[in-house]
Amino acid sequence: MIIAERKPIKEIFQFLLPGEKVLVLGCGTCVTVCMAGGEKEARELASLFRLKGWKSWDFTVERQCEAEFNLKAKEEIAKVDTVVSLACGVGVQTLADCFPEKKIFPGLNTTFMGMPVEQGLWEERCWGCGNCILHLFDYVCPVTRCAKSLLNGPCGGSKDGKCEVTPDRDCAWQLIYDRLRKKNKLETLFSIQPPRDWSTSRYGGQRKMVREDVRL
Amino acid sequence: MSVLEETLRRGDFAVTAEVGPPKGVNREAIEKKCDRLRGFVDAVNITDNQTAIVRLSSLAGCLIARDCGLEAVMQMVCRDKNRIALQSDFLGACALGVENFLCLTGDHQSMGNHPQSKNVFDLDSIQLLQILKNMREENIFQNGEPLKGEIKAFLGAGANPFADPLEFRVVRLAKKISAGAQFIQTQAIFDLEIFSRFMEEVRKTGLDKKTFILAGVIPVKSLAALRYMQNEVPGLMVPDFLVERMKQAKDPKEEGVNICVEIIEQLKKIEGVRGVHIMAIGWESIVPEIVKRVNLYPRPKRG
């Protein structure tokens, strides 16, 4: 899922003018699960705005990244001067397209595509490189989880299973090595991975996908 | 053929040294280091923004070294340049007469002095080696298009026998060799036991016959420097008894040189080690003394 975190509260306050009416718009999907922008967080932020003197209330739609859900917030949005969206960056953009006249501010910083590892701990797992090779590395993505995206084995800075770049993070290559060794499949790592075609990743420019079979 | 390649092919024990370019345009900084090293080494490695700190470029450094009468090994890292820039730099360097290249992945930018920068890592060191080898042997770019002219290049790579997972280190070396590494310069060696075990594996797999291995060494000036390397530098292993020796030393600088000399003497005896690479960054002036003490001076004459 998409992981996000709330912007520092001071930054959010700076978006708002004194006396404005503010709607905090939550999103019921990814950011609800990562506890950054769901109904609960939207309610809390709106009450904080009220404490600080703004007129504020909250509303949450199922998914801000799809226009049809945002239209359900039309009446609520019509009542306010400003909307603080607690969706990921995709949701904020969709919302702004739905209500081009409205002042809309992002209340979250979108951080990565990842998973909850423990309660209160999320880690990045996918870059969306557009050319999945997970099966070659026993389902540990070296593109995402190695700080240098190495495809041919660990660099010289792997120590006690940790990455030299961020020592609180696992070395992806130690994980790959250990997992393949357990399965007696180390030989998968002996062949040279050739240079990647990065054109499917965001280096090829903004991406888009067309499915003729499902178009109307 | 480069002096370095010729030395190694002839079977002479090679000596190279690292020269870090300055954080500025003062070419005298390189000239001064080269003047001290001339006659004591077969080639100098010019680093490519090592530890991700901005310095005068590796190619420019190589040309300055040549003006001082020293052959250079141009280091190339994958951190800052994509395959377009790396191939272009390689062509430029070859046209200007650089003959030795060391392909490295490069330290992550977060370790350096511009941690806010983007990185590239379009390629890793193994892929870069493969591309440069194909440019030389097949006369083609990475995309398969032909290139013009004959390329003479002696290609090398780094190797770290001390990083985790230790069991994978020989495999990674094998991949580098099959990608095109004709010579290897290793991470600095303090732990001869682990290095000997590594070399045993190397010999078992016959890799020492497929490439020239130059063992890396660092002369240390102080106890603090050695401790730093023991504790803070991932991928370096410093045994406790060396730290203890430095602690007891009356003259730590002299002891640092003694240790370095002893390590080189041991390395010379290890089958498959074909030279040493002395990384006396910031202490290049000590290299001649070390080379003399290990009886590798004078250097063999060319041809």
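Everything that follows concerns the structure shown earlier in this document.
On a predicted model such as this, the values are computed, not experimentally measured, just so you know. (Residues numbered from 1 in each chain as written. Chains lettered and ligands numbered in written order. Predicted model: local features only at pLDDT ≥ 70, side-chain atom pairs only at ≥ 80, totals over all residues. Heavy atoms only, no water.)

*Asks:* Looking at this structure, I do not really get the overall build of chain B. What am I missing?
*Replies:* The helix and strand inventory of chain B stands at eleven helices and eight strands. By the compact-globule yardstick of 19 Å for 303 residues, chain B fits well, its C-alpha radius of gyration being 18 Å. Here the C-alpha coordinates of chain B stretch approximately 60 × 50 × 45 Å along the principal axes. Each of the 303 residues in chain B was classed as buried or not, and the buried ones make up 57%. Restricting to contacts in chain B with at least 6 residues of sequence separation, those with at least 24 account for 79%. Just so you have it, chain B exposes about 12,700 Å², and 50% of that area is on carbon and sulfur atoms. (Helix = DSSP H or I, 4+ residues; strand = E, 2+ residues; numbered from the N terminus. Rg over C-alpha atoms; globule rule 2.2 N^0.38 Å. Buried < 20%, exposed > 50% of the residue type's maximum accessible area, 1.4 Å probe, protein only. Contact = heavy atoms within 4.5 Å. Areas by Shrake-Rupley, 256 points an atom, 1.4 Å probe, with all protein chains shown as cover.)

*Asks:* Honestly, the pairing of strand β7 (residues 212–217) of chain B in this entry has me stumped. Any pointers?
*Replies:* Looking along a regular strand, one sees side chains alternate from face to face of the sheet. All names here are of chain B. The element β7 is extensively covered by neighbouring structure, given that six of its six residues are classed as buried. Alignment of strand β6 (residues 183–188) against β7, held across four bridges, turns out to be parallel. Residue pairing for β7: Ile184 is matched across the bridge by Ile213. One ladder, built from five bridges, connects β7 with strand β8 (residues 273–278); its direction is parallel. When the bridges of β8 are listed, Val217 appears paired with Ile278. (Pairing = 2+ DSSP bridges.)

*Asks:* Whenever I open this one, the side chain of Gln109(B) confuses me. Can you help?
*Replies:* All names here are of chain B. With respect to the helices and strands, Gln109 occurs in the loop between β4 (100–104) and α5 (125–137). Residue Gln109 is classed as buried on the basis of its relative accessible area of 9%. When residues no more than four places from it in sequence are discounted, the contact partners of Gln109 are Ala52, Arg79, His114, Pro115, Ser117, Asn119 and Phe121.

*Asks:* Looking at this structure, I do not really get the sheet that holds strand β7 (residues 121–126) of chain A. What am I missing?
*Replies:* Paired through their backbone hydrogen bonds, the strands of a sheet run either parallel or antiparallel. Residue and element names in this part refer to chain A. Pairing in this open sheet of three strands is antiparallel, and the strands run β1-β6-β7 from one edge to the other. Strands with a single pairing partner mark the edges of an open sheet, and in this sheet they are β1 (2–6) and β7. Mean inter-strand twist for the sheet, computed between neighbouring axes without regard to direction, equals 70 degrees. (Axes fitted to C-alpha atoms, helices over the stretch in contact; angles between N-to-C directions.)

*Asks:* Explain unusual backbone geometry here, please?
*Replies:* Negative phi is the rule for most residues except glycine; trans is the rule for most peptide bonds. Here the residue pair Asp164(B) and Pro165(B) is connected by a cis peptide bond, since its omega of -15 degrees sits within 30 degrees of zero. Here Pro165(B) shows up in the loop between β5 (154–159) and α6 (169–179). Omega for the peptide link from Tyr297(B) to Pro298(B) comes to 0 degrees, which places this bond in the cis form. Looking at the element boundaries, Pro298(B) is found in the segment after α11 (287–293). The residue Met35(A) is not glycine, and still its phi comes out positive at about 60 degrees. As for its placement among the helices and strands, Met35(A) is situated in the loop between α2 (30–33) and α3 (39–51). Within the chain, Phe121(B) stands out as a residue other than glycine whose phi angle is a positive 45 degrees. Of note, Phe121(B) is situated in the loop between β4 and α5. For Phe121(B), a relative accessible area of 3% translates into the label buried.

*Asks:* Sorry, what's going on with the sheet that holds strand β4 (residues 82–85) of chain A here?
*Replies:* All names here are of chain A. Sheet architecture is open: four strands sit in the order β3-β2-β4-β5, paired in parallel fashion. For this open sheet the edge positions go to β3 (55–61) and β5 (103–106), each flanked by a neighbour on one side alone. The sheet shows a mean angle of 25 degrees between the axes of neighbouring strands, direction not considered. The strands touched by α3 within the sheet are β2 (21–27), β3 and β4, with β3 carrying the most contacts at an inclination of about 170 degrees.

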